[in-house]
Amino acid sequence: MKALILNCSLKTSDEKSNTDALLQEFIDVFKQKQVETEIIRVMDYHIAFGVEANMGDGDEWPLIADKIKDADILLVGTPIWIGEKSSVAKMVMERITGSGSETDDNGQPIYYNKVAGVVVTGNEDGAKHAARDILFTLAHYGFTIPPNPLCYWVGDAGPGPSYIEANGQENEFTQKNAQAASHNLVHLASILMNNPIPAEGNASN
């Protein structure tokens, strides 16, 4: 089983990311469950804006798209900015739609039999709003969403410390949801690996 984690922070990997810190809770569970896991900081890649599978001119999205196709679990992490998911997360959703019409050997959309979840961090409200947009997009294009697919941490209203500085890892609610979401992603991915969605009624051929 393979999991791909896309950290949609506005920072490149040479900077500390609060979203990375919360994603580590999932990585730990995936490791315990022997899930091969790769985490990508999307900002490390040159990703063009657009809704095509390959926008050309050095667009590196196809590198990530191939990893999504090869994964059983997709986990999207995003910070909150002005109550919204990051612009990077928005771009990733747009690029995922670019392959929405591609099909596998059974004629099913390529995202069928893959599961997805979301992690959100921020020091202001908007976690469920951000997750709703991401989860709907992923489900619309074929990903299967497990129960409790979201883990988030937000601070008090107004400016203040973020996840790492505020010791968010000690938040009981966030930790409980990290355990539920990570385990449910693995449980459902295992079910689909052994019992994939039948092609009847949803295949293009």
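Relevant structure appears above.
The following refers to the structure shown. Only a predicted model underlies this, so the values are computations on that prediction, with no experimental measurement involved.

Observations regarding helix H5 (residues 172-194)
Part 1: Compared with an ideal rise of 1.5 Å per residue, which puts 23 residues at 33 Å, H5 spans 33 Å between its outermost C-alpha atoms and is within 8% of the ideal.
Part 2: Here H5 has its buried residues at Thr174, Gln175, Asn177, Ala178, Ala181, Ser182, Asn184, Leu185, Val186, Leu188, Ala189 and Leu192.
Part 3: Buried residues along H5 sit in contact with helix H1 (18-32), strand S3 (73-81), strand S5 (115-122) and strand S6 (150-154).

With respect to the nonpolar core
Part 1: Grouped together as the largest cluster of nonpolar side chains are 33 residues, with contacts concentrated most on Leu6, Ile68, Leu74, Ile96 and Leu138.
Part 2: Elements supplying a minimum of two residues to this core: strand S1 (2-7), helix H2 (61-70), S3, helix H3 (87-97), S5, helix H4 (127-140) and S6.
Part 3: Per element, the largest residue contribution to this core is 6 residues, and it comes from H3.
Part 4: Setting aside residues no more than four positions away along its own chain, Leu6 makes contact with Ile40, Val42, Ile64, Ile68, Leu74, Leu75, Val76, Gly77 and Val92.

Overview of the pattern of salt bridges
Part 1: All chains considered together, the criterion is met by 7 salt bridges.
Part 2: A salt bridge links Lys2 to Asp70; its shortest N-O distance comes to 2.7 Å. Of this pair, Lys2 sits in strand S1 while Asp70 sits in helix H2, placing them 68 residues apart in sequence.
Part 3: For Lys2, a relative accessible area of 29% puts it in the partly exposed group.
Part 4: Among the ionic pairs, Arg41 bridges to Asp20, the shortest N-O distance being 2.8 Å. Taken as a pair, Arg41 in strand S2 (residues 36-41) and Asp20 in helix H1 lie far apart in primary sequence, 21 residues in all.
Part 5: A relative accessible area of 8% places Arg41 in the buried class.
Part 6: Within this structure, Lys85, Arg132 and Asp133 form a network of salt bridges that share partners.

About the cut-offs
- Per chain, residue numbering runs from 1 following the sequence as it is written.
- At least 70 in pLDDT is required for a residue's local features to be given in this predicted model, at least 80 for side-chain atom pairs to be given and counted, and no such filter applies to totals for whole chains, interfaces and linings, which use all residues.
- For side-chain calculations, the full set of non-hydrogen atoms in the structure is used, while hydrogens and water are omitted.
- A run of H or I in DSSP counts as a helix once it spans at least four residues, and a run of E counts as a strand once it spans at least two, with each numbered from the N terminus.
- Multiply 1.5 Å by the residue count of a helix minus one, and that product is the helix's expected span.
- Accessibility here uses a 1.4 Å probe with only protein chains present; expressed as a share of the type maximum, an area under 20% marks a residue as buried, one over 50% as exposed, and anything in between as partly exposed.
- The contact definition used throughout considers only heavy atoms, calling two residues in contact when any of these lie within 4.5 Å.
- By convention a nonpolar core is built from buried Ala, Val, Leu, Ile, Met, Phe, Trp, Tyr and Cys residues, the set being connected through side-chain atoms within 4.5 Å.
- Think of a salt bridge as a Lys or Arg side-chain nitrogen and an Asp or Glu carboxyl oxygen that are within 4 Å of each other.

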